Each structure stands twice: as structure tokens, then as C-alpha cells.
Amino acid sequence: MSSPTLNSSTQPSVLLVEDEKSIAAPFAAALARGGFRPSVAHTGAEAVEMASELDPDIVLLDLSLPDIDGRDLCRQLRLDSDVPIIMVTASGTVTDRVVGLELGADDYVVKPFATGEVISRMRAVLRRARPVTTEARELAVRDLRLDLAARRAWIAERELELTRKEFDLLARLARDAGRVVTREELMSDVWDMNWFGSTKTLDVHIAWLRRKLGDDPAARGCIQTVRGVGFRFAAPDEGSSP
Ligand code: CA
């Protein structure tokens, strides 16, 4: 995983879909002060484009837009992604609320609202939906799947019982699937040390890892030795070789 420095990438990104510029600009500024990275879409078409381009952590969606009904837009965004969506509307009837949630929105706020309230709702939705950071939580290569937060791994749906180092090693290799990761890189990233001597520890762990991955076709040959350099996790498009 990359270094845990506090930079802008640890702030959740939010796509604000709001056609009224007099609302969008101050709202975006308030979101930025609240610890979010806002982008603003002023039309439904812009929203669809930006949602797929920016892959935001959360969407704030005004229901009344010039070019498309917000409900249809919500449904459309839902087709492509499971991004949390909070609907924003001027009307607040029970029917709207129910319809909104049925369309796949995660929450619902009614104008006029206090920005602070919206932000705390956003945080609640994000907590429920996914971790606050945009760091990949799951890593999937071929038939291997890693849950980086829970530190669990599966190969073809069979869960692997890995030690901490084995997990770190596998995750490090899988993250750069298709590319050779040098012994030095592995020692430095997994064992947290600059290593100039023997890398026997590494070889031992690789052997254990291969044994645990087993001999089923999904796993066979996925960790390849590149002599004198390091190891590589075979990329998805490569056939597995024994
Ligand atoms: Ca509007």
C-alpha cells in the first residue's frame, strides 16, 4: 500500500449535481471546508460524464435539473456504479422520499438545508458504504481476490489462511500483476528493511505462499520466478503455466 501520508487523496471526493450556480458555488466551498473534494456538474449530461470520469466517493444529486429528471439520473448512475447517492430536493413529501430510496439513493435531504447537516449525513453514508479513502479496498487478479482492509484472501472462492507476511507479500505482488517486483523491493516493502544480503527469507515465504495457493488451475503458476531479479504475479490475460 502507498504511504499513509495525509494528502488530498485521503479526502473523499464528492460530485455535486446542482444546476443553480448561486447554490452550487457556496455549497461546493462549504464541502471543501468540510473535508471533501468537490466537483460540480450543472446538468444531468455533465453529471453522467463526470461520474464515470472522476469515480467520486459520493454523489449529491439535485432532483430538479434542466435536462433530465433527477430520478432518472439516479437510476442511470446506479446502472454503472454503486457510488453512494444523496438526493437533494425542494419538495419533501413522503412519496418522494420512498421513491428516492427505491431508485437506489442512500439518503435524502430537503432544501433548504444546513450544510453541516448534509455533511454529517454524507459521512454517515460513507461510513456505511465504504471506507473514507479512495484507496482500493479490494484487489482482484485472475481468480485471486484480496480484501486489503480485512486482510483476507481467496483463490477461486477458497479462502487462504495466510500469515501476516504471506498476505503482505501476495498483496505486493498482485498489486503489480504482470510486472516483475525485485527482491529488493519486496524486502523493503514487506519486511520494511533495506536488504543487501541473503533473501532466503523471501524464498521461504514464496514457497509457503505457492503451497497455500495450491495446485488448482486457478492458482498454478501465478507466482513466477524471474531469476536473478525477483518475482512476478502473472497478469490476468496470461494463461497459467505449470
Ligand atoms: Ca435544481
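All of the points below concern the structure found in this document. Just so you know, these numbers come straight off a predicted model, no measurement behind them. (Residues numbered from 1 in each chain as written. Predicted model: local features only at pLDDT ≥ 70, side-chain atom pairs only at ≥ 80, totals over all residues. Heavy atoms only, no water.)

This part takes up the pattern of salt bridges. On inspection of all chains with the given rule, the structure shows 18 salt bridges. A salt bridge links Glu-185 to Arg-179; its shortest N-O distance comes to 3.3 Å. The partner of Arg-183 in a salt bridge is Asp-203, and the shortest N-O contact between them spans 2.8 Å. Of this pair, Arg-183 sits in helix H7 (residues 183-190) while Asp-203 sits in helix H8 (residues 200-213), and the two are 20 residues apart along the sequence. Through salt bridges with shared partners, a single network forms among Arg-172, Asp-176, Arg-179, Glu-185 and Asp-189. (Salt bridge = Lys/Arg side-chain N within 4 Å of Asp/Glu carboxyl O. Helix = DSSP H or I, 4+ residues; strand = E, 2+ residues; numbered from the N terminus.)

So, on to the packing of helix H6 (residues 164-175) against H8. In contact at an axis separation of 10 Å, H6 and H8 are set at 85 degrees when each is read in the N-to-C sense. It follows from the interaxial angle that H6 and H8 lie roughly perpendicular. Contact residues: H6 offers Lys-165, Glu-166, Leu-169, Leu-170 and Leu-173, while H8 offers Leu-202, His-205, Ile-206, Trp-208, Leu-209 and Lys-212. Taken together, the residues that form the contact of H6 with H8 break down as seven nonpolar, one polar and three charged. (Axes fitted to C-alpha atoms, helices over the stretch in contact; angles between N-to-C directions. Parallel < 35°, antiparallel > 145°, perpendicular 65-115°, else oblique. Contact = heavy atoms within 4.5 Å. Nonpolar A, V, L, I, M, F, W, Y, C, P; charged D, E, K, R; others polar.)

Moving on, we come to the pairing of strand E12 (residues 230-233). Going residue by residue along E12, you find Gly-230 and Arg-232 tucked away on one face and Phe-231 and Phe-233 tucked away on the opposite face as well. As paired elements, strand E10 (residues 180-182) and E12 share three bridges and run antiparallel to each other. Opposite Val-181, over in E12, you have Phe-231 as the bridge partner. Alignment of strand E11 (residues 223-226) against E12, held across four bridges, turns out to be antiparallel. Each residue of the ladder has a partner; that of Gln-224, found in E12, is Arg-232. Here E11 folds back onto E12 in antiparallel fashion, the turn holding three residues, of which Gly-228 has a positive phi close to 75 degrees. (Buried < 20%, exposed > 50% of the residue type's maximum accessible area, 1.4 Å probe, protein only. Pairing = 2+ DSSP bridges.)

Let us look at unusual backbone geometry. Looking along the chain, the bond that leaves Lys-111 and enters Pro-112 is cis, with omega of -5 degrees. The phi dihedral of Arg-142 is positive, around 50 degrees, even though this residue is not glycine. One can find Arg-142 in the loop between strand E6 (138-141) and strand E7 (144-147). Positive phi values are uncommon outside glycine, yet Glu-157 reaches one of about 75 degrees. Along the chain, Glu-157 falls in the loop between strand E8 (152-155) and strand E9 (158-160).

The next point concerns the packing of aromatic side chains. Going through the model one piece at a time under the given rule, you end up with one aromatic pair. When the centroid spacing of 5.1 Å and the interplanar angle of 45 degrees are considered together, the rings of Phe-27 and Phe-113 count as tilted. One end of the pair, Phe-27, is in helix H1 (residues 21-33); the other, Phe-113, is in the loop between strand E5 (107-110) and helix H5 (115-129), and 86 residues separate them in sequence. A cation over a ring is seen here: Arg-145 above Trp-154, with NZ or CZ 4.3 Å from the ring centre. (Phe/Tyr/Trp six-rings, centres within 6.5 Å; stacked < 30°, edge-to-face > 60°. Lys NZ or Arg CZ within 6 Å of the ring centre and 35° of its normal.)

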